Every structure is written in structure tokens, then in C-alpha cells.
There are 2 protein chains.
Amino acid sequence: MAAFIEPRILKGFRDFLPPAEIARRDLLEKIEASFRSFGFVPIDTPALEYTEILLGKGGGETEKQVYRFKDNGDRDVALRFDLTVPFARFVAEHRQEIALPFKRYHIAKVWRGENTQRGRYREFTQCDFDIVGSDSAAADFEILLMMKNALGVLGAGEVSIRLNHRGLFNRFLSRIGVLDKSVDILRAVDKLEKIGRDETLKLLSESTGTAKAEEVLKFIEIKGSFDEILNAMKEAASGNEACPEAERLMLIRRFMIDSGIAENFVLDPSITRGLDYYTGIVYETLLKEMPELGSVCSGGRYDNLAALYSKEAIPGVGSSIGIDRLIAGLEHLGKLQARPSYASAAIACIKEDKGGLNQALAEKFRQAGIPCEVFLDEAKLTKQFMLAEKKGLRWLIIPGEDPLKSPLILRDLPSRENKEGLSVEEAVKAMSALHHETQES
Amino acid sequence: MAAFIEPRILKGFRDFLPPAEIARRDLLEKIEASFRSFGFVPIDTPALEYTEILLGKGGGETEKQVYRFKDNGDRDVALRFDLTVPFARFVAEHRQEIALPFKRYHIAKVWRGENTQRGRYREFTQCDFDIVGSDSAAADFEILLMMKNALGVLGAGEVSIRLNHRGLFNRFLSRIGVLDKSVDILRAVDKLEKIGRDETLKLLSESTGTAKAEEVLKFIEIKGSFDEILNAMKEAASGNEACPEAERLMLIRRFMIDSGIAENFVLDPSITRGLDYYTGIVYETLLKEMPELGSVCSGGRYDNLAALYSKEAIPGVGSSIGIDRLIAGLEHLGKLQARPSYASAAIACIKEDKGGLNQALAEKFRQAGIPCEVFLDEAKLTKQFMLAEKKGLRWLIIPGEDPLKSPLILRDLPSRENKEGLSVEEAVKAMSALHHETQES
């Protein structure tokens, strides 16, 4: 054979070896269990779509990032860069098949050909959950509650879920006469944490002049309790006039108190989310032990999800867990459990021709709910001990002459102690309690 | 707003609505649980790789099918068309990080830009499991056992797992002097079931002449019990000389008997698998109730998985479940459980401002392991009953004035009967037993 091909992957893409993949799946399975317990249902959509569908008429920044090409049939196609646009297309296309309000989750990969930075990848997983077809405060609140629950089961410690109302902010901008500059203002405000107060003021002043820029900054810097902030915002945005956006926040606040979880949420007028399409409530989540990581779960309410593809106005609210960023945070905090295998035990291979009996023996443990591997190749026992340890197993079972009938030896790998002369039933019993305890921890 | 964009997807691609996606996930989760119980570990690799890595030096048929393009950095890239080639690259690249034998599974999407046919898609899921680094018969057998177990939990009824040994076939070809034509012969034999005996004979004759073609057909048509077929094949392939391939099959046969599952497997000399890279045992699986569907799980042994990327020879054996084909089969047989939701119950919305208390109420059911949705919008109860039925829920809970404290009404949706005046605890108790029973069925 001639030259080898050097094994390598594209920059910004990753292989997941078993410990990393198991850790990732553990987290995703917990998140998914939380979604399911709320009655959210999964959907899936293609990785590849018509470019026109994904980019709409605009494009701009997104267009530069997207993996776009002509397929064999000369169609202009692209890899999805998020799960929101495909969801909008999905809702418009399947409107007659789904009952509104529709609560869905979608966990899948997306691709962006942007420049790679530390902790940013060209292929990453998004984990979206949305309610479309309900304009109620109850829907806004349900997404908040799901954020709290889904993040609560991940062992990431305390989270701070910060929220705001984009409509209330706009009402304020309108009152001070700079609503026509809202896109620039939103982008500037969204950078506050990154670039600091002075730079933000400078940026704001460019579009609104210094006086108005100061007013905007003052608004987003309102401090106090939830109720104090809300009152001050209402006052600044509408004076004594009716303010449905503040009413909405008050109702959500009441839901928080009624369900006993008010302390998890912070009203923060500086949260606006850069993206244009939010119109109502917006959310961001920080890990209390690592706020510098940035938001690990964000979202908000949009007036009309499927506007590009349908004349029916469908309101929606949703959020997205940044699982890759969350994993980076958990890793940094030493809170990521990286198991090398799902198995707890293995059957040692004493004689290769016992392969069938060894599998029959392993099956007895599997039937008892103990995942059990079978070692396939004859090797010295010390080598098999080492292999079992490397695989992170709890036990190695050394079968006797007749694996199904002879007494066996149960080696406890962490303590390196052997229990000899056990029957299969005795071994199952000794292992069961410990195995299930470990699984639940 | 001006023109809408018509919502549509690319031909050969699919949206999965919740019932289809839940059915798919149910199957995949069962398969995965089976893999995990054997100590197989998950990996993941990028969807996009260098074209050189995926296509190697060859290409041929595959090259025409692949989604290939230049990325923004002018790199020649392609979407993976299977999970075997990326696995070969993965093993070569991470050789120092993995312990051999390495048992992995990988469930992920692959893309092929081929012409769409009934039941064939351009995006589909593969579900691969392999053991690399062991040349043992125990590894060959473990893959067979996993095929049996993984398919056994899916409710697809009886399966017939057919196996053969590519090496034994080659030894036979060598003995009758046509080994140099093996690629053409393998392709012809692989078509036997599709094109029939006469056409296969014609095809074979083109490369070997009629006399040899008849000999080949006679070989692959050997009938009898496992042992009879094996003896006749050995005789035809090696006469009285040593035949390690037949020895290997005999040992695997012994493992089947030892583990009490021999009746699940059929030795079939006509199974050769078209693909070039198999060198040892090969497998195919048919649903007994629907053999015309074709193989739903196939694979085999290859001498040197990572040959293209590494000088170290790493033998392997593996198989792949065609989950899309399997789903089509289950659907046809009426055996696919298409649940519209994971939830069992919902809280009716009597007053919208009870949103927080309704969530607190739902949380009590969720804590008891009963997935519970909350309806968000005020509507007539009859409408809410209908919505709950459409979602396939078992119960609708109608809360009282104070959802947490007032007695509630529990509506059993299938029987349309109400139980009135229940406390939360009484409702949980009444639902728990039934819920868990349903989940296990």
C-alpha cells in the first residue's frame, strides 16, 4: 500500500471520546427528562435546507457564517445555523397537523462557519424549547420554570435567571423619543457587560446624542428588589399611563410567588438580547459560581414566529440551553462526572472457548439490571484487572471451570478485594444494592 | 410585508412530527439501553470532514452520492455518508487514548445525495456497533448476540439472523480457481434474492464461464441444518485440508449452543455482503413476518479497519441497525407505538391568573413521576377535554378555586368519567399505579 492519509478533523469540529460523550449524554438525558415531564414533545428537522428558507431575505452577518453550497441537483442549500428558523418553517408547513399551543423541544447539532475562538465551535449542539400559539403570561412563566427545572437537575449549582421585557424597554425608548434608533441601542446595551459603561455610553451617544444616551444608561442601571425595579421601570416608561408590559411582568411575578420559586429570578433592565426578533419577555441565565462564563440559557418572546412563511400570526416564547458552554463551565468547576463506561462489571476471560458460557453468565447480571461487559481475549489476570480499572468498572467477575455452575470470584476493583466461592445468585445480590445506589448518586 | 417564502423541505429529507419522533426515540433508547448493558460506549464525530478522509483515494459510486463542497476557507469538505469511515479515522487518530479491544456504538445521521426511492432518504440515521482490536471468535459472537438482544427489545417479532464467513467463500473460490474474479462474483451473489437464480447465473457466467458459475451457485445453495451446511461448505472449500474459517464458524456455533440461543441463527452460504471490506464473518437480519423488507441489521468482520490512516493493523467486527427501514417495517406490521406525548396528565386552565398555582400543582404530579402538562389559556372545559384527548393524555385535572388546597376533579379521558372531590394526594395515588403500569407495557 502506498501513502497513508493523515487522520485529522476540520478546525472548529470535535471528536467526542467515550468519557466526554457519556458526560454530554448524561446532561442531555436529564434535560430531556425535565422537558418531557412538562409535556413538551420532540420534533426533528433536516440538517440541510434550501438556503432561501434558512436565510430568508436578509442574511447579513448570518450569511457569512453559513455553510452554503450547490447540491448535485444544483439546488442552493445550506446547513442549519440554529433551530429557530427551521422551527418557524416547520410550524408554517405543518400548521394543520399540530394543535396550538404547541410545546416542543429540539436537541440537535447546528453549524456555523465562523472564526473559531476559545470555547466556540463550528459544530455545536442546541437544546431549544418553545411554546408557540399562546400569548399568555402563563406561557412566559412556564418557559422560566422549565429553565429553572432543567438547569436544576444538572448539578451546576445555583443559577441566577435574569429577565426583562423588551416591550417595556421599547416603550421607554419611545417616551424619550429614540425608538427609531432601537436596533443600534439594543446592540449597544447588549455589549454593556463586555465593553463597560464608558464604551457603551460612547456607542449609544453615536446614535442618540449624549443626553439621551445617559437616560438610556440610567434606565438599564435601575437597582433594587424585583418590585422596586419594576415600579421604577414602569414610571420611566409610561409615567402614570397604562403599561401592559409592566402588568405582564407583575403577573409573572405573582406566578413566581404562587409557585414558591420567586427567589430564583432577577429583574434586570440591562438584559435586552441583541437579536431583533424578541418583542416581549427576554431571559438570560448565569451560573452563580461562574458568571464570567456568560449566559448558559437564554431566550424570549417573539410576536410572530412564522412571519416569513405564513400569513397567520403565531406568537411564541422559548429558550435555549447552550450545552457546550454549560459543559465548559461544569468542567471548569470540577462538576462534570466523566464516567468512562456505562458498565459496572465485566466477566474475565480465562479460556477463550468459554465465550458462549461467559456471555450466558453476563446475561444473568444484565437481567438483574447490572450492565456487564464480557472480556473477549485470554490474558493474564493482572492485565484484565488493569483493563477493568481503566474502564472505570466496579467489579471484575472471575468465572470458574463452568462459568454458569462453578463458584466464581467477585473482585471489588476500588478496594482490590476478592470475594471467593460465590454462586451467581450471591454475586448478583452483593452487587445489586451497590450498583443501584451508585446509579442514583 | 411583501412576498412570503414558501415553506418546503428538500426532496429526500424529512420533518419528524412528535408522534413519529417519539416512536423513533423510543426505539433508539431501547437499542441504546441494550448496547450499554453490554458495556459498549458511545462516541461522536463531526458531520463534516475533509473529503480526502471520507472518500480515501477511491471514490467510485460513493463519490457520486456524497454532499461535497468548498467551505469558506476553500477546504474540500463533505458530509459523512456512513459512520464506518469516520470511525476508522477516529481509531487511527485516538489510538493512544483508547484501550483495545474497544467496543463502541454511534447513533447519528448520515447524508447521501443519491436518487430518492421509496423508503430511501438522503438523510437517515445509522446505528452502528463495533468491536475493534480483537480477532477472537468471542467478538464475532458478541456482535451476533447484541444483534439478537437489541432487535429483541423492539417488539418487531421474531427475527432470523443469517450468517456466513466471507473467508470460507473466498477459500472456495480459490479452490475452483476463480478467486481473481471475487469482486464481480460477490456483487452478483449479493443480488441473488433481488434478481433470481437465472439472472444471477447469467451475471456470474459473464465473469467465470457457465461451468464455474454453476459451481458457485451450487455452493451458495447448500441447504440443511447449521452443522450439515457447515460440513458441506468445508468439504467444498477445502476438502480434507485444514480450514480455519470453518473452525471459526464451529466455535461460534458452540458459543450459540452454550449460551442457549442457537435457534436464532441460520448459516446461509448465499450471504456475502456486497461491500469489499468484509473478510470474515458476515451477518444479515430479516424480520420473519416481513422478509421482503430486506435486512434490518447487517455487518461483518473486517481485517484492518484503519488501514487507510494508520500502519497498525486493527481488526474489527461490527454491525449496523437500519433504523429507518426497521421503522418502516414496524409501521407496516402495525407494531409501531405512536404516542403523541410523553405526558400522562394535564392541569386544565380555569382562570389564567392561577398560572403559578397550576404549575405548583403540576409539580406535585411530576414529583410523583407522572409527567404533567399545564394548559395555559382560559377556554371552555369541553375544548380543554378535546385538546387533552388530541394529545393522547390519560387524565385531565380540573383544579378548584385554590389549586393547591381545594378538592380537584380527576377526569379519566378514555372512559370520560370524573372523580370529584379528590385531594392532591388522593389523585396522585389513583394515578400512580396506572401510570407506571402503562409505561411498562
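Residues numbered from 1 in each chain as written. Chains lettered and ligands numbered in written order. Predicted model: local features only at pLDDT ≥ 70, side-chain atom pairs only at ≥ 80, totals over all residues. Heavy atoms only, no water.

The name given to chain A in an unreviewed UniProt entry is Histidine--tRNA ligase, with the source organism recorded as Leadbettera azotonutricia. As recorded by UniProt, the Sequence similarities (unreviewed entry) comment attached to chain A reads in full: "Belongs to the class-II aminoacyl-tRNA synthetase family." In UniProt, chain A has this text filed under Subcellular location (unreviewed entry): "Cytoplasm". (UniProt positions renumbered as here; feature names shortened; annotations may be inferred.)

Interfaces are frequently sized by the accessible area removed from exposure as the parts join. Counting residues at the interface gives 108 residues for chain A and 108 residues for chain B. Of the roughly 9100 Å² buried at the junction of chain A and chain B (both faces included), carbon and sulfur atoms supply 60%. On the chain A side of the contact with chain B, Ile5, Leu10 and Leu376 of chain A bury the most area, a combined 8% of that side's loss. There are 14 salt bridges connecting chain A and chain B. Residue Asp44 of chain B pairs with Lys109 of chain A through a salt bridge whose shortest N-O separation is 2.2 Å. Across the contact surface, chain A and chain B share 35 residue pairs in polar contact (both at pLDDT 80 or more). Tallying contributions element by element places helix α1 (residues 18–37) of chain A first for the side of chain A that touches chain B, with nine residues. (Contact = heavy atoms within 4.5 Å. Buried area = accessible area lost by both parts, 1.4 Å probe. Salt bridge = Lys/Arg side-chain N within 4 Å of Asp/Glu carboxyl O. Polar contact = N/O pair within 3.5 Å; in protein donor to acceptor, adjacent residues only side chain to side chain. Helix = DSSP H or I, 4+ residues; strand = E, 2+ residues; numbered from the N terminus.)

This part covers the sheet that holds strand β3 (residues 68–70) of chain B. All names here are of chain B. Strand order in the open sheet formed by three strands is β2-β4-β3, and the pairing between neighbours is antiparallel. Across the chains shown, the open sheet's two edge strands, defined by having one partner strand only, are β2 (48–50) and β3. Strand-to-strand twist of the sheet, defined as the mean angle between neighbouring strand axes without regard to direction, takes the value 35 degrees. Pairing of β3 with strand β4 (residues 76–79), which is carried by three bridges, proceeds in the antiparallel orientation. (Pairing = 2+ DSSP bridges. Axes fitted to C-alpha atoms, helices over the stretch in contact; angles between N-to-C directions.)

Its rotation angle being 180 degrees, the transformation that places chain A on chain B also includes 0.0 Å of axial translation and leaves an RMSD of 0.0 Å. When the rotation and shift are considered jointly, the pair of chain copies conforms to a two-fold rotation axis. The C-alpha atom lying nearest the rotation axis in chain A is that of Phe69 of chain A; the distance is 3.2 Å. By residue overlap, the copies meet face to face through one surface: 100% of the interface positions of chain A are interface positions in chain B. (Least-squares fit on C-alpha atoms with pLDDT ≥ 70 in both.)

Judged by nonpolar contacts, the single largest core of 260 residues is most densely connected at Phe365 of chain A together with Phe365 of chain B. In this structure, this core is formed jointly by two domains, domain 1 (159–287) and domain 2 (345–440) of chain A, each of which donates at least three residues. Ignoring anything within four residues of it in the chain, the contact list for Phe365 of chain A reads Ile347, Ile370, Cys372, Ile397, Leu408, Val424, Ala427, Val428 and Met431 of chain A. With 13 residues, the next largest nonpolar core counts Ala343, Phe375, Phe385 and Leu387 of chain B among its residues. (Core = buried A, V, L, I, M, F, W, Y, C linked by side-chain atoms within 4.5 Å. Buried < 20%, exposed > 50% of the residue type's maximum accessible area, 1.4 Å probe, protein only. Domains from an automatic or database assignment.)

Our focus in this paragraph is empty space enclosed by the protein. Counted by the stated rule, this structure contains one cavity of 30 Å³ or more. The computed volume of the largest cavity comes to approximately 50 Å³. Elements that contribute at least two residues to the lining of the largest cavity include exactly α5 (137–152) of chain A together with α13 (355–367) of chain B. With three residues, the top contributor of residues to the lining of the largest cavity is α13 of chain B. Residues belonging to the lining of the largest cavity are distributed by class as follows: six nonpolar, three polar and two charged. (1 Å grid on protein atoms, 1.4 Å probe; cavity = no way out; pocket = protein on both sides within 12 Å on 5 of 7 lines; lining within 4 Å. Points joined across faces, edges and corners; volume = space filled by probe spheres on them. Nonpolar A, V, L, I, M, F, W, Y, C, P; charged D, E, K, R; others polar.)

A few words on unusual backbone geometry. Cis geometry marks the peptide bond from Leu100 of chain A to Pro101 of chain A; its omega dihedral reads -5 degrees. Turning to its location among the elements, Pro101 of chain A is positioned in the loop between α4 (84–93) and β5 (102–111). Phi is positive for Asp74 of chain A, close to 60 degrees, though the residue is something other than glycine. You can see Asp74 of chain A is positioned in the loop between β3 (68–70) and β4 (76–79). One non-glycine residue with positive phi stands out, namely Arg416 of chain B, at about 55 degrees.

Further remarks concern the UniProt feature "binding site: L-histidine" (unreviewed entry) in chain A. All names here are of chain A. Taking the numbering used here, the UniProt-annotated feature "binding site: L-histidine" (unreviewed entry) corresponds to Asp82, Leu83, Thr84, Arg112, Gln126, Asp130, Arg273, Tyr277 and Tyr278. Within the fold, Gln126 resides in strand β6 (residues 123–132). Residues within four places of Gln126 in sequence aside, it is in contact with Asp82, Leu83, His106, Ile107, Ala108, Val110, Arg112 and Ser320. Engagement of the side chain of Gln126 in a polar contact is seen with the backbone nitrogen of Leu83, the distance being 3.4 Å. The residue Tyr277 is located in the loop between β8 (265–267) and β9 (281–287) in this model. Residue Tyr277 is classed as partly exposed on the basis of its relative accessible area, which comes to 35%.

The next thing to look at is a positive patch on the surface. Where like charges cluster on the molecular surface, the positive patch consists of Arg120, Lys191, Lys194 and Arg325 of chain A. Its place among the elements puts Lys191 of chain A in the loop between α7 (182–190) and α8 (192–208). (Patch = residues over 30% accessible without salt bridge, like charges linked within 9 Å, V, L, I, M, F, W, Y side chains within 5 Å. Areas by Shrake-Rupley, 256 points an atom, 1.4 Å probe, with all protein chains shown as cover. Lys, Arg positive; Asp, Glu negative; His and termini not counted. Charge placed at Lys NZ, Arg CZ, Asp CG, Glu CD.)

Next up on the list: the packing of aromatic side chains. All names here are of chain B. For the coordinates displayed, the defined rule picks out 22 aromatic pairs over all chains. Pairing Phe90 with Phe102 gives two aromatic rings, centres 6.5 Å apart and planes at 15 degrees, and the pair type is stacked. Placement of Phe90 in helix α4 (residues 84–93) and of Phe102 in strand β5 (residues 102–111) is noted, with a sequence separation of 12 residues between them. Judged by relative accessible area, Phe102 falls into the buried class, the value being 7%. Both rings, one in Phe172 and one in Phe219, keep their centres 4.1 Å apart while their planes meet at 10 degrees; by these two values the pair is stacked. Here Phe219 lies in helix α9 (residues 210–220) and Phe172 lies in helix α6 (residues 166–175), a separation of 47 residues in the sequence. (Phe/Tyr/Trp six-rings, centres within 6.5 Å; stacked < 30°, edge-to-face > 60°.)

Turning to the domain arrangement of chain A, a few remarks are in order. Once the domains are mapped, chain A shows domain 1 (159–287) and domain 2 (345–440). The straight-line distance from the C-alpha centre of domain 1 of chain A to that of domain 2 of chain A is 60 Å.

Turning next to the sheet that holds β5 of chain B. The pairing of strands in a sheet comes from backbone hydrogen bonds and takes either a parallel or an antiparallel form. Residues and elements named next belong to chain B. Spatially, eight strands are ordered β1-β5-β6-β11-β10-β9-β7-β8 in an open sheet, and the strand pairing comes out mixed. In this open sheet, the two strands that pair with only one neighbour each are β1 (41–42) and β8 (265–267). Inspection of the sheet shows β5 paired to strand β6 (residues 123–132) by 10 bridges, in the antiparallel sense. Bridge pairing in β6 links His106 to Asp128. Contacting β5, β6 and β11 (316–321), helix α1 (residues 18–37) crosses the sheet at an angle of about 160 degrees to β5. Here helix α5 (residues 137–152) sits on the sheet and contacts β5, β6, β7 (159–165), β8, β9 (281–287), β10 (297–302) and β11; the angle it forms with β9, its principal contact strand, is near 10 degrees.

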